[in-house]
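In case you want the letters, here they are:
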Amino acid sequence: MITRDFQNIKLSALGMGNMRLPVVHGGSDGDIDLARGMEIIDRAMAEGVNYYDTAYIYHGGRSEGFLKEALVKRYPRESFYIADKFFIHANSDYKAVFEEQLERLGVDHIDFYLIHSVTDNTAETYINSGCIEYFEEQKRLGRIKFLGFSSHSSPRTLKEFAEYRDWDFAQIQLNYYDSLFGSAKAEYEVLCEKNIPIIVMEPVRGGRLAALTPETEAMLKDVHPDWSVASWAFRWLKRLEGIKVILSGMSDNAQMADNLNTFSDDYALSDNEEKLLFDVCNTFSKAIKVPCTSCRYCCGGCPAEINIPVVLGLYNRYKIDGPWALEDLDKLDSKGKPSDCIGCGACEGHCPQGIEISKIMQELAEKTAK
């Protein structure tokens, strides 16, 4: 496992995200399969992964407890680093949340603590709430080792928030697709200018860059038949300076094994390989209709209990493969269906990607009406 220097410690270049853990068959997002999850943790620890990212809301609030059982209780505390977050929309009582997180995790300190999901709409709310000053005090007390933030904001807001204090690190959504077609390149440059160490989230865009179209996958396989499609995304990120950890939400041992292989050495894409990847991305972009990353922020308040990311995944398949893909609608792991959507907009208020979910649900309902 390659490592990166961060202040006076070494971090594994690959970090494990705990937002997409395996769940029991037929269970909900909160029903984490502890046994299978432990297998993934054990493999990660054995191979040198030492950065584990979670949040108050992941897996219906159970991700932190999973790490307590799978990691904290079973490994020496000094052998790993935990990253956790405060999300003001989940519970604005930051003091109570922080105490609850320490209890959920079973620790007396959190190594990397983040202001969670700073957006153009939440940046000022976070600043005015007093939470940042409170977490600074917790850092002075040793209950937080490093204080940072995660951002889904515009480059302008990111720059303003980055200048609010001397942050230890920042986490942004960064991948080759968003660098070409989104604001990721500008966001990355803001953090580099401020000399703020970077943690990368969504390196394969919630799995969307792990499986492209047959045409574009063939373009990559012709050059490196032994590389997975996902590994191209990670190797592109290795080209960039300032990145300390690249997170991956690994939900099975096959994903873990592939990522461990990718991060076993420092090989990054050559200039020619990057050019090919960008050509592939330009071709693939024509097939992308909904930029969902499966973060699931949209699901908690849905009155129809629609598994929105799963439905949006089907919508992308429909746009790529045609109407036949809609035949799988009734097979989706979702209690609510698009026809159950009442258009309340609760989901859209929490979507970092700004997806017009209600319109998509309406379109799917109309396309599948009997």
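Refer to the structure above for everything that follows.
Reference entry: report on the structure contained in this document.

What counts and how
The numbering scheme is per chain: residues are counted from 1 as the chain's sequence reads. The predicted origin of the model limits local features to residues at a pLDDT of at least 70 and limits the giving and counting of side-chain atom pairs to 80 or more, whereas totals for whole chains, interfaces and linings rest on all residues. Water and hydrogen atoms were dropped before computing side-chain values, which therefore reflect all heavy atoms in the structure. Helix and strand assignments come from DSSP, with helices taken as H or I runs of at least 4 residues and strands as E runs of at least 2, each series counted from the N terminus. When we talk radius of gyration, it's over C-alpha atoms, and the globule rule is simply 2.2 Å times the number of residues to the 0.38. Whether a residue is buried, partly exposed or exposed follows from its accessible area with a 1.4 Å probe, protein chains only, as a fraction of its type maximum: under 20%, in between, or over 50%, in that order. The salt bridge definition used is simple: a Lys or Arg side-chain nitrogen within 4 Å of an Asp or Glu carboxyl oxygen. Put simply, buried Ala, Val, Leu, Ile, Met, Phe, Trp, Tyr and Cys residues joined by side-chain atoms within 4.5 Å make one nonpolar core. Whether two residues touch is decided by their heavy atoms; if any such pair falls within 4.5 Å, the residues are in contact. Cavity: a set of points on a 1 Å grid over the protein atoms alone where a 1.4 Å probe fits but cannot get out. Pocket: an open set with protein on both sides within 12 Å along at least five of seven lines, its lining residues, like those of a cavity, having an atom within 4 Å of a point. Grid points are joined across faces, edges and corners, and a volume is the space filled by probe spheres set on the points. Three residue categories are used. Nonpolar comprises Ala, Val, Leu, Ile, Met, Phe, Trp, Tyr, Cys and Pro, charged comprises Asp, Glu, Lys and Arg, and polar comprises the others, including Gly.

Section: the overall build of the chain
Logical step 1: A tally of helices and strands in the chain yields 14 helices and ten strands.
Logical step 2: The C-alpha atoms of the chain give 20 Å as radius of gyration, which agrees with the globular expectation for 370 residues (21 Å, within 12%).
Logical step 3: Dimensions of the chain, computed from the C-alpha atoms along their principal axes, are close to 60 × 50 × 45 Å.
Logical step 4: For the chain, the residues scored as buried account for 54% of the 370 residues in total.

Structural notes on the pattern of salt bridges
Logical step 1: One pass over the structure, following the stated rule, counts 30 salt bridges.
Logical step 2: Of the charged contacts, one joins R74 and D42 as a salt bridge, the two residues approaching to 3.0 Å between their closest N and O atoms. Remark: D42 occurs in helix α1 (residues 34-46) and R74 occurs in the loop between α2 (63-72) and β5 (81-86); sequence separation between them is 32 residues.
Logical step 3: Here R140 makes a salt bridge to E137, at a shortest N to O gap of 2.9 Å. One end of the pair, R140, and the other, E137, are both in helix α5 (residues 131-140), three residues apart, so they sit about a helical turn from each other.
Logical step 4: Judged by relative accessible area, E137 falls into the partly exposed class, the value being 31%.

Things to note about the nonpolar core
Logical step 1: Core analysis: the largest hydrophobic core is formed by 85 residues, its most contacted members being Y52, I115 and F135.
Logical step 2: Of all the elements, helix α10 (residues 229-237) adds the most residues to this core, at seven residues.
Logical step 3: Residues in contact with I115, not counting those within four places in the same chain, are F86, Y126, C131, I132, F135, G148, F149, S150, F161 and W167.
Logical step 4: Within the second largest apolar cluster, 24 residues are counted, among which are L329, L332, I355 and M361.

What about empty space enclosed by the protein?
Logical step 1: Under the counting rule described, the total for this entry stands at three cavities of 30 Å³ or more.
Logical step 2: When its volume is computed, the largest cavity comes out at roughly 110 Å³.
Logical step 3: For the largest cavity, the lining is made up of 18 residues, of which C302, P303, C341, C344 and C347 are closest to its centre.
Logical step 4: Tallying contributions element by element places helix α14 (residues 357-367) first for the lining of the largest cavity, with three residues.
Logical step 5: Classifying every residue of the lining of the largest cavity gives 13 nonpolar, four polar and one charged.

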